[in-house]
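Coordinates in review
What follows is each chain in one-letter form.
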Amino acid sequence: MRLFHPSRARRAAAVLAATAALPTALTVTATPAVAAALGAPAYSLVSTGSPAPLRADGCAADPTCVLAPAPRGGALDDYAALKQAVDTAATRVRAAVVAADGTVVTPPTTATVLLAAGTYRLTNGLKLPPNVNLRGSGIATTSLVADPTVNWKNFNYGFLVRHNDKKEAGSTNLVSDLTVNGNCRTGAGAPEPADLPGRPGQMCDFRAALGTSDSTAGGVSVGDRWTVRQVRFTNFEYFKLWVSATTGVRIVDNRFDNWGGAESDGEDNIGGGGRNDDTVIERNQFDATIRGNSFDFTNAIRTTVRDNIVHTTPTVAAARKENEYGNMYFEGVASPTATGNTLEGAHITLTSNANYAHSGPNKDITNPRDAVITGNRILGSATVGVLVKYDDYNDADNTPGNIGGWNDASTDPADHVVRIGGNNVIRDNVIERPALSGVLVFGLARDKDAPDTIVGNRIVDAGFGGATTYNTGGGWFDTAGIGLGVGRNDSVYGNTIVDDQAIHTTWYGLQLGPRKSTTASTPTGTVLTGPDGTGNTTEGIIAAPVRFGALAPEAPVNATVGPNGLTWDEPYATTNPIAGFRVYRDGAQVADLPVGSATIPGNLLDADAASLENPAAGTAGWTAGTASKVTRTDIAGAVGGASLALTATGNGQISAYSRKLPATVGTTYTSVASFQADSVGRKVRAGLAFIDGSGKVSRLGTQTMPTVDPATGWLTSSYSAVAPPGTVWVQSLLMVENAATGETHLLDRLGLVTGTATEQWTDPAGTTGRYQLVAYRADGGENSAAVAIG
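Cut-offs and rules
- Residues numbered from 1 in each chain as written.
- Predicted model: local features only at pLDDT ≥ 70, side-chain atom pairs only at ≥ 80, totals over all residues.
- Heavy atoms only, no water.
- Helix = DSSP H or I, 4+ residues; strand = E, 2+ residues; numbered from the N terminus.
- Buried < 20%, exposed > 50% of the residue type's maximum accessible area, 1.4 Å probe, protein only.
- Contact = heavy atoms within 4.5 Å.
- Areas by Shrake-Rupley, 256 points an atom, 1.4 Å probe, with all protein chains shown as cover.
- Lys, Arg positive; Asp, Glu negative; His and termini not counted.
- Charge placed at Lys NZ, Arg CZ, Asp CG, Glu CD.
- Pairing = 2+ DSSP bridges.
- Axes fitted to C-alpha atoms, helices over the stretch in contact; angles between N-to-C directions.
- Disulfide = S-S within 2.5 Å.
- Salt bridge = Lys/Arg side-chain N within 4 Å of Asp/Glu carboxyl O.
- Phe/Tyr/Trp six-rings, centres within 6.5 Å; stacked < 30°, edge-to-face > 60°.
- Expected span 1.5 Å × (residues − 1).
- Arc of directions from axis to C-beta.

In terms of regular secondary structure, the protein is built from six helices and 65 strands. Seen through its principal axes, the protein has C-alpha atoms that stretch 115 × 55 × 50 Å. Buried residues in the protein amount to 57% of all 790 residues. Across the protein, every contact between residues at least 6 apart in sequence was considered, and the portion connecting residues at least 24 apart equals 76%. Accessible surface, the protein: about 28,600 Å² in total, of which carbon and sulfur atoms supply 53%. With 60 positive and 72 negative side-chain charges, the protein shows a separation of 4 Å between the mean positions of the two kinds.

Here it is in structure tokens:
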């Protein structure tokens, strides 16, 4: 599977508000079964420490407060009345006194518009000047609903509530204690708990009815030093809460859902960027009916995301035909902090902004740097728990960006700036049952210049219900507690990786470097022991505490379960030579087959191989090629007993041929053998000889040749080819390259089969359970990727 947020076409989707009446009391709480099982706090509209809503008598006693008229009801428009209330409040604001150097000498005063209980219908977005607050009578009692039926273009790339595009030194704004509703599902969105949104995944109702764009009617777009508190966001097509080009924004104790038959499009719940600075997002809750990421900033600095609760469920994702949602994305965000969050079915990603169109704010690239991800609980993620990716792009001249800092910007249209990443801390998080690895760090080495720290995390049951191997685009990882694909001198210690399932799914504690790396990136100097001697702890994992991806051989192929047990083909030989195979049943090793199986399934040479054990049978039908001599030896072979000895009588290639067997044109044949050097190491390979009716011989052989020497032990080579037209006979052809006169090499486990399967294992317990199969490397025993069978 291709993993982790490939280049996405970001679109702005409009949000339309519903007309459902809201109750006057707040008693609603959702308790998803999965949340209860994993210990995630249930979604609830109840405030977590926010002040009580402003009352009408409190507003009447405040000369800076304007009490807005009650909603007119039905299909009547309330926009004009609310705009008038905002304009009146603006006249009661006293501007700040600002010195010549920009310092605020006297802060401004603020004014407030208080909304009554009920549902306000708006045909246009409400713009708040600096220092004008908008407060409702309660999160479940006051609602603003978008109505695009008069002129939907009033909401095109617009919001129900937004700043008025004017900045003022020292200004503040508060939006609180109300619901904003985008009317994606007409009339829906009442605060009534639901397990599923209304008509999941289908476009918003007004899109077809009015022919609107997909960027209509967002929720709230904030300005500098805005606070949005105890606001419920529901039923939107466009972004629910937008934070861009701001400073000092506080998003506190809000709620996001699609209750009461509502649905949303896939835009982020809290989104934005625009180099916003010092945004704090805390104590917000996201119900399992949300759609899109819970949070996603692109191009920002000093963002704090803390103590939020995100729910998702596989049922909702499947209803929308999506794999996952609700994730937290920091894309091109410098110095962020994510702490104390609970994510159910979602994960946290730190990445660059290189996956967007390389123009405007995304022409220059910011990699993850100085992030602190600590104390989060990530439960049942559909992919990883925490992901860090370093990335850039090449300009038209095929060169990467020029290294720069946060305040550097490119001026050359043909070039761009890249801000290098690193020094990220992932500490003391609890990650339970991610479908893939718990923590995964990968990308381009050129885009990281400082070590990361991954310490004190507890990762439980990685690989739960997910794939055992996956492609990051820069190489392959297998399921591990932690995967580290890039970096120098990174610290990875004090972590606990546990698999406590009856059927284990976590293969490794730590994988260092990807398999099949396409970026030539691999970590070096990784520190696996802390200053106090603390290492990493593993329990219940399938294979090994640490594995090195670059040393992994190729995996077995065409593995199947049949009447005679498991069969598979020899893997493609690479620079990582294969010494044998391991078989696992339900995550527990049940067989170790050095070199391969003792029996080659369907071996056409079985009689010859058996006769090797009989001294009177001599060389068992094997003949020598040029400059070669074939003899029988009693030296223990690859699978015990005797072997063939192939001795060079001259310099160059030496070879041995099996006896001729009848062949059928168009049939695939495979030759296989295991080799061992009795003296100096040489390259070896298997091949086939096809013979036609005239006696013409076509000799073919694999071009992948492992080196066999006394230190590596027995290694296997195989070769498959289709019998060409005119073929009458076929022979197994086994070769040793560049031999010197007098050298001897051993051959055993000799096979010639129709088809490609040359390995076989029969479970003594019978073929029950689910099997996994790996090849392992000759020197060190590093596993290949695991192949699931059955």
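Don't stop here, the text continues.
All right, on to the sheet that holds strand 49 (residues 578-585) then. Within a sheet, neighbouring strands are paired by backbone hydrogen bonds and run either parallel or antiparallel to one another. Pairing within the open sheet is antiparallel, and its four strands lie in the order 50-49-64-65. Edge positions in the sheet fall to strand 50 (588-594) and strand 65 (787-789), since each has one partner strand and no second. The mean angle between the axes of side-by-side strands here comes to 25 degrees, regardless of whether they run parallel or antiparallel. Bridging between strand 64 (residues 771-777) and strand 65 involves three bridges; their strand directions are antiparallel. The residue of strand 65 that forms the bridge with Y771 is I789.

This paragraph deals with the environment of G405. Among the secondary structure elements, G405 is positioned in the loop between strand 30 (402-403) and strand 31 (417-419). Residues G405 and V418 lie 13 residues apart in sequence; the distance between their C-alpha atoms is 7.9 Å.

Next up on the list: the state of the cysteines. Inspection of every chain in the model, using the stated rule, returns two disulfides. At a sulfur-sulfur separation of 2.0 Å, the disulfide partner of C59 is C65. Between C59 and C65, the disulfide has an S-S torsion of -100 degrees and is therefore left-handed. Taken individually, C59 and C65 each receive the classification buried, so the pair is uniform in this respect. A sulfur-sulfur distance of 2.1 Å marks the disulfide that ties C184 to C204. Its torsion about the S-S bond being -95 degrees, the disulfide of C184 and C204 is classed as left-handed. Placement of the pair is C184 in the loop between strand 10 (173-181) and helix 4 (205-210) and C204 in the loop between strand 10 and helix 4, with a sequence separation of 20 residues. Per residue, the accessibility class of C184 equals that of C204, and both read buried. Across the protein, the disulfide pattern expressed with sequentially numbered bonded cysteines is 1-2, 3-4.

Counting buried positions along strand 64 yields seven of seven residues, so the element is predominantly enclosed. Burial along strand 64 is two-sided: the residues Y771, L773, A775 and R777 and Q772, V774 and Y776 are all buried. Looking at chain direction, strand 49 and strand 64 are connected through seven bridges and run antiparallel. Bridge pairing in strand 64 links R582 to V774.

On to the pattern of salt bridges. What the rule picks out here adds up to 32 salt bridges. Here D452 ties to K448 by a salt bridge, and the two come within 3.0 Å at their closest N and O atoms. The partner of R585 in a salt bridge is D763, and the shortest N-O contact between them spans 2.9 Å. Here R585 is found in strand 49, whereas its partner D763 is found in the loop between strand 63 (757-761) and strand 64, with 178 residues between them in sequence.

Another point: the packing of aromatic side chains. This model, assessed by the stated rule, comprises 14 aromatic pairs. Ring geometry for Y157 against Y238: centres 6.1 Å apart, planes inclined by 85 degrees, an arrangement best described as edge-to-face. With Y157 in the loop between strand 8 (142-146) and strand 9 (159-163) and Y238 in the loop between strand 12 (226-234) and strand 13 (241-244), this pair connects stretches of sequence that are 81 residues apart. An angle of 65 degrees between the planes, with centres 5.2 Å apart, marks the rings of Y238 and F239 as edge-to-face.

Let us now look at helix 3 (residues 79-90). The terminal C-alpha atoms of helix 3, which comprises 12 residues, lie 16 Å apart, in line with the 16 Å expected from a rise of 1.5 Å per residue. Of all the residues in helix 3, the buried ones are Y79, L82, A85, V86 and A89. Buried residues of helix 3 fall within an arc of 130 degrees about the axis and therefore sit on the same side. Looking at the packing, one finds that the buried side of helix 3 touches strand 1 (65-67), strand 4 (111-114), strand 5 (118-122), strand 6 (126-128), strand 7 (132-135) and strand 8.

With that settled, the discussion passes to the sheet that holds strand 52 (residues 628-633). Spatial strand order, 52-53-62-56-60: five strands in an open sheet with antiparallel pairing. With partners counted over all chains shown, the strands left at the sheet margins are strand 52 and strand 60 (715-722), one partner each. Taken over all neighbouring pairs, the strand axes of this sheet differ in orientation by 30 degrees on average, direction set aside. Of the strand pairs in this sheet, strand 52 and strand 53 (residues 643-648) are connected by six bridges, and their pairing is antiparallel. If you follow T633 over to strand 53, its bridge partner there is S643.

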